[in-house]
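# A closer look at the structure
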Amino acid sequence: MNNYFKEPLYKQLENIITNKIAKKEYLPGQRLPGTRQIAKKYAINRLTVNRAIDELVNDGILIKKPSSGTFVRKESENNQLSFSLDFANNGISSILREHGISVENKVIGQKVFKSNSYLDTKLELDESELIFGLHRLRSIRNVPFALEYNYLPLKFFPDIKLSDFRYVGLYDYINSKGIKIHNTYKRVQLIKTPANQAKLLKIKKDALIYMIQYSSIDELDNLVEYTESYLRPDEVHLQFEVDFE
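Below or above, wherever it landed, is the structure these notes cover. Everything quoted here is computed from the prediction, not taken from an experiment.

### A word on the pattern of salt bridges
- Under the counting rule described, the total for this entry stands at 10 salt bridges.
- We note a salt bridge from Arg138 to Glu148, for which the minimum N-O separation is 3.1 Å. With Arg138 in strand 5 (residues 130-140) and Glu148 in strand 6 (residues 143-153), this pair connects stretches of sequence that are 10 residues apart.
- Residue classification places Arg138 among the buried residues on the basis of a relative accessible area of 2%.

### What to know about the packing of aromatic side chains
- According to the stated counting rule, one finds 7 aromatic pairs in the structure shown.
- Here Tyr149 and Tyr230 contribute two aromatic rings whose centre-to-centre distance is 5.9 Å and whose plane-to-plane angle is 85 degrees, an arrangement assigned as edge-to-face. Placement of the pair is Tyr149 in strand 6 and Tyr230 in strand 9 (residues 223-231), with a sequence separation of 81 residues.
- In this structure Tyr149 comes out as buried when scored by relative accessible area, which is 12%.
- Members of the aromatic cluster, joined through ring pairs, are Phe132, Phe156, Phe157, Phe165 and Tyr173.
- One Lys or Arg, Lys20, reaches over the ring of Tyr26 and ends 5.8 Å from the middle of that ring.
- The ring of Phe71 carries Lys65 above its face, with NZ or CZ at 4.8 Å from the centroid.

### Describing unusual backbone geometry
- With phi around 65 degrees, Ser67 is a residue other than glycine that occupies positive phi space.
- Within the secondary structure layout, Ser67 lies in the loop between strand 1 (62-65) and strand 2 (69-72).
- For Ser67, a relative accessible area of 89% translates into the label exposed.
- The backbone of Lys202 shows a phi angle near 60 degrees, a positive value even though the residue is not glycine.
- Tracing the backbone shows Lys202 in the loop between helix 8 (195-201) and strand 8 (208-218).

### A word on helix 2 (residues 35-42)
- Where helix 2 is concerned, the buried positions are Thr35, Ile38, Ala39 and Tyr42. Buried residues in helix 2, looked at end-on, bunch into an arc of 100 degrees, giving them a common side. Of the exposed residues in helix 2, those oriented more than 90 degrees away from the buried face are Arg36, Gln37, Lys40 and Lys41.
- Looking at the buried residues of helix 2, the elements they touch are helix 1 (9-22) and helix 3 (46-58).
- Looking one or two residues past helix 2, Ala43 carries a phi angle of roughly 55 degrees, positive in sign.

### Description of helix 3
- Between the first and last C-alpha of helix 3 there are 18 Å, a value that for 13 residues agrees with the 18 Å anticipated at 1.5 Å per step.
- Within helix 3, the full set of buried residues consists of Thr48, Val49, Ala52, Ile53, Glu55 and Leu56. The arc that holds the buried residues of helix 3, viewed along the axis, is 155 degrees, so those residues lie on one side.
- Close packing links the buried residues of helix 3 with helix 1, helix 2, strand 1 and strand 2.
- Of the residues flanking the start of helix 3, the one acting as N-cap is Asn45, its side-chain oxygen 2.7 Å from the backbone nitrogen of Leu47.
- One or two positions beyond helix 3, positive phi appears at Gly60, with a value near 80 degrees.

### Details of the environment of Tyr26
- Mapped onto the elements of the fold, Tyr26 is located in the loop between helix 1 and helix 2.
- In this structure Tyr26 comes out as buried when scored by relative accessible area, which is 12%.
- Along the chain, Tyr26 and Val72 lie 46 residues apart, while their C-alpha atoms are 7.1 Å from each other.

Calculation criteria
Starting from 1, residues in each chain are numbered consecutively following that chain's sequence as written. In keeping with the model being predicted, local features are shown solely for residues with a pLDDT of at least 70 and side-chain atom pairs are shown and tallied solely at 80 or more, while totals for entire chains, interfaces and linings include all residues. To get the side-chain values, all heavy atoms of the structure are used, and hydrogens and water are removed first. Only one rule defines a salt bridge in this text: a Lys or Arg side-chain nitrogen within 4 Å of an Asp or Glu carboxyl oxygen. Every helix listed is a DSSP run of H or I at least four residues long, and every strand listed is a run of E at least two residues long, numbered separately from the N terminus. Exposure categories follow from relative accessible area, calculated using a 1.4 Å probe and restricted to protein chains: below 20% of the type maximum is buried, above 50% is exposed, and the middle band is partly exposed. Planes of paired rings set the category: under 30 degrees apart is stacked, over 60 is edge-to-face and the rest tilted, where pairs are Phe, Tyr or Trp rings (Trp by its six-membered ring) whose centres lie within 6.5 Å. By the criterion adopted, a ring carries a charge over it if an Arg CZ or a Lys NZ lies within 6 Å of its centre and within 35 degrees of its normal. As used here, the arc belongs to the directions running from the helix axis to the C-beta atoms. Should any heavy atoms of two residues lie within 4.5 Å, those residues are counted as being in contact. An expected span of 1.5 Å times one less than the residue number is assigned to each helix. Contacts described as polar in this section are N or O atom pairs within 3.5 Å, which, within protein, must combine one atom able to donate a hydrogen with one able to accept it, while residues neighboring in sequence count only if both atoms come from side chains.

If you want it as structure tokens, here you go:
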């Protein structure tokens, strides 16, 4: 560790700890060395160590147990929602309803606008075509877990503005129009949360978060939806299935 770069020492220590977890040097459920020992090893102040640990606790990576110490969080200790990435074909609301969980949707923005160069590419549209944009904050028991930005070509859903997406699921609406999602292309990243999204999701700026981009194609090979979704990893556990064939 050093002071020659702009990154604060506590951030450097966060990176060291997360790298050790990633390399299995610290295993799930394992107790970390004490703050005094860590401070001595890296020649830093114990306050710096405490701040780094507190940040990782807030990010859901570590857990503090009174009178016991700090531990790498085990999956079983996470009170998380669990999703397969196939939720993009059915919608989060539908999956949670099957488990008796009610999702609260807050519409933070919706409008019709002309396509731009970025969405032209994502939805294979011409610049003159219209898009319906829907931005929603998803919560359970007043705790936000997802922020979604949905974009749909208006030509496929001319009456979409009439739906109240506080109560109507987007995929329920799509299915009601006789459009069946045939395939969904997904891209998942773990990113540092931008300031605007952090405020809405009630987490710290730069905390790690899932960002999922997915494009949905109907049975006629039309791109009918492009979505960017931000999911809190302390509230949501994603499951991946890989086909090697």
